[in-house]
Amino acid sequence: MENKVIEKQNMSLLVNSLTSAEGAEVIGPRRKDGKYAFGKIADASELCLDYDTTVLPPKMYLLPPKETLITFKLEKEYKVEPVIEDKSVILFGVHPHDIKAIELLDATFSATNPDVNYLSRREKITVIGVDCLNPNPNAFCASLGTAIAETGFDLLLTDIGDRYVVTIGSSKGKELLREHAETREASQAELAQRDVERQKALANYKVSLKMPPEEIPKLLDKSWDSHVFEERSEKCLNCGSCVMVCPTCFCFDVQDDVALNLKQGERYRQWDACMLTDFALVAGGANFREDKKSRLRHRMYRKGKYLWERYGKLGCVGCGRCASACLAEIASPAETFNLLKEESK
Amino acid sequence: MITEEITRTSIYLPQLAELIKVKSIAEREKLFEFKLQDAKELGHKPGQFVEVSLLGIGEMPVSVSSSPTKKSSFELAVRNAGSVSNALHNLTEGATVGIRGPFGKGFPLESLKGKDILIVAGGIGLFPLRSLINYILDKRDEFGRFIILSGCRTPRERVFVNELGQCQKRQDVELLETVDRGDEEWTGNVGMITTLFSKVTVAPQNTFAIVVGPPVMYKFVVAECKKKGLRDEQILLSLERRMKCGVGKCGHCQINGVYVCQEGPVFTYAEILKLREAI
Ligand SMILES: Cc1cc2nc3c(=O)[nH]c(=O)nc-3n(C[C@H](O)[C@H](O)[C@H](O)COP(=O)(O)OP(=O)(O)OC[C@H]3O[C@@H](n4cnc5c(N)ncnc54)[C@H](O)[C@@H]3O)c2cc1C
Ligand code: SF4
Ligand code: SF4
Ligand code: FES
């Protein structure tokens, strides 16, 4: 891969060149009420590239919380039309685990029955990653192998003090850099420094998985009847927060809305959560995951086994957001997998 | 360029269809006949389902109830169970609905050809099964013996009474019916659907059982099929799950890692044994 270097003092030139360019909106981590959140960047000074984590992942720019799928007219002649809501966006400052989460979303929405709503939007998104050198206390990316991204970005920045090493991941990224930034080739010493910074960051994770990630699906193969699910889920509030903040969760509900004149309306999808009580309820009254235990277990299996089997990627990237969001303190997959591992010994 | 055109089509966009006929078939059930706009063929297999849109109200998954041998239109039999089905029940001929699909895997016709067929229908399980029953009746010589066991709670809840009556008259169909509770007029069998199994003999090597009914029924009926000597691969079931997209995206229909809308709704019992939370 090609690597460039950009001086920190030149970074704001790059950001401002992007924000003032026609066409694409720049979205990045900004400080908000003592935390960080992705939002529109109007000026380079708003962008915080050394953030630890954001409450919500950048997922909402790929799969909006609410998205119109079709509109319809209910006049004499019915008319239905597809709606594709896409616009050019530069996601600036995405951590490697969130890049991996986007790769999982890509796999899901491009598999059999490609989802044009997602894919059109995705095509217009540029991903500029930034290595996470200051991980969140609930994150466990190091042990999950998601702390470093090799693919999935157009550009990836690593802070090495007074400069960033820029890894070029695509021709789109290369072009963007050529057009908007002043860079030079990275030296061997600078690349070595990048690796040192990454290694240092790996040692900063507070939570770790007590098994290699590829062992998780096998562990789950024999954990179905474990009482861990029952015990941990007892305190669950069925609030769905763990799912809402997750960068890899993509399940949705579909609803219709009609205008007051009853002549037109739209069908939209919105985020939904398998941890909510009625997710699997059907009209006859049967609910296929009626108790907390089976819902928590489903979420853990989805993260650790089902998506792995379907797309060859785990459904968890270790960002720790669910653990931070859960008032009952039971949502972290790392904790559950570790307990299951402990029990299986 | 054509592939571009196809891959750019929204998977959520329904085709419009016209309701050409409605018929009441029981207290809460109606049969709807639709024609796609531009007289397109639906092109389904028995056991597949469509997503029916009542624009402004929502979508619901419904099995196609007519046989693909009937080409110019298709039928859906629907129980009034909630918002979309209720709105559907209020429609009159000439109304427009949206249709997406057909979706899912239907009954494996290729494996069924030449075999004896044992249909087990619980209540409105007959809705999806009717597409297969009519298909077999239309291609009767491609199949072996044809046995239908049908059960519902009370005589009043029986559906497709006339059509079953027609089957009863045919020499090449063995139909047995039962109700859980009879009434003054009912002279037929009384008892759970499982009680019909003692009244039929099957050649286990050559028979496929196809079972559709309420979730509670499956365990008991599968046990009866196995008592008859059928292997797990020879028992087919169709499962219901909540569905919001029909195309393997929304996640609602999952049984473990399986998407019922994609890999189902029809499964062999052998496949189901590998799943937890299935029946
Ligand atoms: C593959 C497949 C094939 C099917 N084939 C047929 C068929 O051929 N014929 C047929 O009649 N049916 C069929 N069904 C069942 C049918 O899809 C349901 O009855 C239908 O979805 C009901 O939709 P509705 O909008 O009418 O009811 P809804 O209004 O969605 O719900 C009905 C009831 O479900 C419960 N419910 C639903 N959503 C919620 C919620 N969010 N919160 C709380 N409670 C809720 C409530 O108790 C409500 O009264 C099939 C289902 C599947 C999956
Ligand atoms: S695990 Fe925690 S965040 Fe998730 S639904 Fe339960 S209480 Fe809410
Ligand atoms: S399950 Fe939790 S830790 Fe894993 S990706 Fe989702 S929010 Fe992050
Ligand atoms: S119905 Fe949406 S994934 Fe199956």
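Everything numeric in this text was worked out from a predicted model, so none of it was measured.

**What to know about the state of the cysteines**
All names here are of chain B. Taken as a whole, this structure holds zero disulfides over all chains when the rule is applied. Unpaired in terms of disulfides, cysteine 225 finds its nearest cysteine sulfur in cysteine 152, a separation of 19 Å. A relative accessible area of 0% means that cysteine 225 is categorised as buried.

**Topic: the pattern of salt bridges**
Pairing is possible between side chains of opposite charge, provided their charged atoms come close. Within this structure, the stated rule accounts for 49 salt bridges over all chains. In this structure, the salt-bridge partner of arginine 121 of chain A is glutamate 67 of chain A, at a minimum N-O distance of 2.4 Å. Residue arginine 121 of chain A is located in helix α3 (residues 116-123), and its partner glutamate 67 of chain A is located in strand β4 (residues 66-74); the two are separated by 54 residues in the primary sequence. Here the two residues arginine 121 of chain A and glutamate 67 of chain A agree in accessibility, since each one is buried. Across the pair arginine 156 of chain B and glutamate 27 of chain B runs a salt bridge, and its minimum N-O distance is 3.2 Å. Of this pair, arginine 156 of chain B sits in the loop between β8 (146-152) and α5 (161-169) while glutamate 27 of chain B sits in the loop between β1 (15-26) and β2 (29-36), placing them 129 residues apart in sequence.

**So, the confidence of the model for chain B**
Any residue range with low pLDDT should be treated as having predicted coordinates unsuitable for detailed reading. Mean pLDDT for chain B: 93, with 97% of residues reaching 70 or above. Of the two predicted TM-score estimates for the complex, the pTM is 0.92 and the ipTM is 0.90.

**Some details on unusual backbone geometry**
Trans is the common state for peptide bonds, and a negative phi is the common state for residues other than glycine. In this chain, glycine 101 of chain B is followed by proline 102 of chain B through a cis amide linkage whose omega measures 5°. Its location among the elements puts proline 102 of chain B in strand β6 (residues 96-103). Between glycine 264 of chain B and the following residue, proline 265 of chain B, the backbone shows a cis peptide bond with an omega angle of 5°. Tracing the sequence through the fold places proline 265 of chain B in the loop between α7 (260-263) and β15 (266-268). In the Ramachandran plot, glutamate 329 of chain A falls in the positive-phi region, its phi being about 60° despite a non-glycine side chain. Checked against the element boundaries, glutamate 329 of chain A lands in the loop between α11 (321-325) and α12 (333-344).

What counts and what doesn't
- Per chain, residues are indexed from 1 in the order of the written sequence.
- Each chain gets a letter, beginning with A, and each ligand a number, beginning with 1, in the order they are written.
- Under the rules for a predicted model, residues below a pLDDT of 70 receive no local features and side-chain atom pairs below 80 are neither given nor counted, while totals for whole chains, interfaces and linings still include all residues.
- Excluded from the side-chain calculations are hydrogens and water; all other atoms, namely the structure's heavy atoms, are used.
- Criterion for a disulfide: a pair of cysteine sulfur atoms within 2.5 Å.
- Only protein chains enter the accessibility calculation, which uses a 1.4 Å probe. A residue is then buried if its area is under 20% of the maximum for its type, exposed if over 50%, and partly exposed in between.
- Counted as salt bridges are all cases of a side-chain nitrogen of Lys or Arg within 4 Å of a carboxyl oxygen of Asp or Glu.
- Every helix listed is a DSSP run of H or I at least four residues long, and every strand listed is a run of E at least two residues long, numbered separately from the N terminus.
- Confidence scores labelled pLDDT are given residue by residue by the predictor and lie between 0 and 100.

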